[in-house]
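Coordinate inspection notes
Here is what each chain is made of, one letter per residue.
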Amino acid sequence: MNEQRESTDGTSTASGSNCEVNERLVGQVAVVATSGVVDMITAPQLEDAITAALAKSPAGLVVDLTEVEFLASAGMGVLVAAHDAAPEGVAIVIVADGPATSRPLKLVGIADIMPLHATLDEALATFAG
Amino acid sequence: MIDSLSKTVSSAERFERVGVPADSTAAARARDEFSRWLQGTFDLDPNKSNDLVLAIYEALANTAEFAYLSSGFRGTMDLYAAHDPAESALSVTVADRGRWRTAPSYPDDRSRGRGIALMKALSDRASIQTSTSGTTVRLVWTGIRRR
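Given the structure is predicted, the values throughout are model-derived calculations rather than measurements. (Residues numbered from 1 in each chain as written. Chains lettered and ligands numbered in written order. Predicted model: local features only at pLDDT ≥ 70, side-chain atom pairs only at ≥ 80, totals over all residues. Heavy atoms only, no water.)

1. Concerning the overall build of chain A
Across its full length, chain A carries five helices and six strands. Helices (α) and strands (β) of chain A occur, in sequence order from the N terminus, as β-β-β-α-β-α-β-α-α-β-α. Burial statistics for chain A: of 129 residues in total, 53% are counted as buried. Here the contacts in chain A between residues at least 6 apart in sequence split such that 61% fall between residues at least 24 apart. For chain A, the exposed surface amounts to about 5500 Å²; the carbon and sulfur share of it is 48%. (Helix = DSSP H or I, 4+ residues; strand = E, 2+ residues; numbered from the N terminus. Buried < 20%, exposed > 50% of the residue type's maximum accessible area, 1.4 Å probe, protein only. Contact = heavy atoms within 4.5 Å. Areas by Shrake-Rupley, 256 points an atom, 1.4 Å probe, with all protein chains shown as cover.)

Shown next, in the form of structure tokens:
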């Protein structure tokens, strides 16, 4: 698969809320990968990266939360807003697995709104073919 | 202002942060300190550990975002956690002297408003008391044992 790294967003260091967001294209699918803490301080970084990714008119968008250690409702809100704002036919899928991410996403029903996958490969496979 | 007095207590039985500024930075700091106290004091599996930290953060974040919106001043919030070894129960209280929004301002915006649902889903018992003098969130977890 031809992988093209597009940009790297900045890092926020306010009080333990460290978050890094990367955005890249894997074929026609945009991948926004974030790590660290996604809370009310850092959620706007994720939102900006998703907005930038969608602006490139990808075939789909994967939000990879594999490296996220803490995900608060502010971050979940960004995911739902992205899902609701995405153009018709552009699916957004989430990669999340573990106590900090997939567990709370399932508890509040986000997993019913958009698909959750345990690995990036699994998520990318949903766009193949 | 009396609210500016702050107090910090951490022991095996209790964790207290009184007079924490109701803002996002102080909420994150209180969350991280609470998390370290939890890890050092109790024998918790990763699910329970994240449940506790996320639930108390949602309470702090709600206060930081909403409690003092209409008050015109920057208020504070208090975080108390107490462990009852006999009951293996951990009770956590987050209190402020402001007002949470009673009705959602964005009823059609489903990207917001999951904080209270999370607190309820993540704890064994949750209650939110609102009065003219403030809002108090009480969260209780059972099956919490010391290391």
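From this point on, the discussion continues.
2. Observations concerning the confidence of the model for chain B
Mean pLDDT over chain B works out to 89, with 90% of the residues at or above the 70 mark. The complex model carries a pTM of 0.89, and its ipTM stands at 0.88. (pLDDT = per-residue confidence, 0-100.)

3. Considering the pattern of salt bridges
All told, the structure shown has ten salt bridges over all chains when counted by the stated rule. Arg103 of chain A is the partner of Asp51 of chain B in a salt bridge, and the nearest nitrogen-oxygen pair spans 2.4 Å. With Asp51 of chain B in helix α2 (residues 46-67) and Arg103 of chain A in helix α3 (residues 102-107), this residue pair bridges two chains. You can call Asp51 of chain B buried: its relative accessible area is 4%. Among the salt bridges present, the one from Asp78 of chain B reaches Arg97 of chain B, with a minimum N-O distance of 3.3 Å. Taken together, the residues span a long stretch of sequence, with Asp78 of chain B in strand β3 (residues 76-84) and Arg97 of chain B in the loop between β4 (89-96) and α3 (115-122) at a distance of 19 residues. Via salt bridges that share partners, Asp39 of chain A together with Arg31 and Asp32 of chain B belong to a single interconnected network. (Salt bridge = Lys/Arg side-chain N within 4 Å of Asp/Glu carboxyl O.)

4. Here we look at the side chain of Thr76 of chain B
Residue and element names in this part refer to chain B. Assignment of secondary structure puts Thr76 in strand β3. Assessed through its relative accessible area of 7%, Thr76 is described here as buried. A distance of 2.8 Å separates a polar atom in the side chain of Thr76 from a polar atom in the side chain of Arg97. (Polar contact = N/O pair within 3.5 Å; in protein donor to acceptor, adjacent residues only side chain to side chain.)

5. Topic: the sheet that holds strand β2 (residues 14-21) of chain B
All names here are of chain B. Read across the open sheet, the six strands follow the order β1-β2-β3-β4-β6-β5; overall the sheet is antiparallel. On the outer flanks of this sheet lie β1 (7-10) and β5 (125-131), each paired with one strand and no other. Each neighbouring strand pair of the sheet contributes to a mean axis angle of 10°, computed without reference to strand direction. Summarising the sheet, β1 and β2 pair through four bridges and their orientation is antiparallel. Bridge assignment links Thr8 to a residue of β2, and that residue is Arg17. Sheet contacts for α2: β3, β4 and β6 (134-141); angle to β6, the most-contacted strand, approximately 175°. (Pairing = 2+ DSSP bridges. Axes fitted to C-alpha atoms, helices over the stretch in contact; angles between N-to-C directions.)

6. A short note on the nonpolar core
Membership of the largest hydrophobic core comes to 70 residues, with the highest contact counts inside it found for Ile50 of chain A together with Phe34 of chain B. The dominant element in this core, judged by the number of residues it contributes, is α2 of chain B, at ten residues. Apart from residues no more than four positions distant in its own chain, Phe34 of chain B is found in contact with Phe15, Leu52, Val53, Ile56, Leu79, Ala81 and Val92 of chain B. By size, the runner-up hydrophobic cluster in this structure holds nine residues, among which are Val26, Val29, Val93 and Leu124 of chain A. (Core = buried A, V, L, I, M, F, W, Y, C linked by side-chain atoms within 4.5 Å.)

7. Points about the packing of helix α1 (residues 24-41) of chain B against α2 of chain B
All names here are of chain B. The contact between α1 and α2 brings their axes to 9 Å, and the two run at 155°. The orientation of α1 with respect to α2, classified from their angle, is roughly antiparallel. The two elements α1 and α2 meet at a crossing, and its hand is right-handed. Facing α1, whose interface residues are Ser24, Ala27, Ala28, Ala30, Arg31, Phe34, Ser35, Leu38 and Gln39, α2 presents Ser49, Leu52, Val53, Ile56, Tyr57, Leu60 and Ala64. Partitioned by chemical class, the residues of the contact of α1 with α2 number eleven nonpolar, four polar and one charged. (Parallel < 35°, antiparallel > 145°, perpendicular 65-115°, else oblique. Left-handed = near helix turned anticlockwise from the far one by under 90°. Nonpolar A, V, L, I, M, F, W, Y, C, P; charged D, E, K, R; others polar.)

8. Here we look at α1 of chain B
Between its first and last C-alpha atoms α1 of chain B spans 26 Å; for 18 residues at 1.5 Å apiece the expected length is 26 Å, and the two agree. Between the side-chain oxygen at the start of α1 of chain B and the backbone nitrogen of Thr25 of chain B there is a gap of 3.2 Å, and the oxygen is on Asp23 of chain B. (Expected span 1.5 Å × (residues − 1).)

9. Some words on the confidence of the model for chain A
Looking at chain A as a whole, the pLDDT averages 90, with 88% of positions reaching at least 70. Note on residues 5-14 of chain A: pLDDT is under 50 here. Beyond four places in sequence and across chains, it has 26 contacts.

10. Here's the deal with helix α2 (residues 73-85) of chain A
Taking 1.5 Å per residue as the helical rise, α2 of chain A with its 13 residues ought to reach 18 Å, and the 18 Å between its terminal C-alpha atoms agrees with that figure. Within α2 of chain A, burial applies to Ser73, Gly75, Met76, Gly77, Val78, Leu79, Val80 and Ala82 of chain A.

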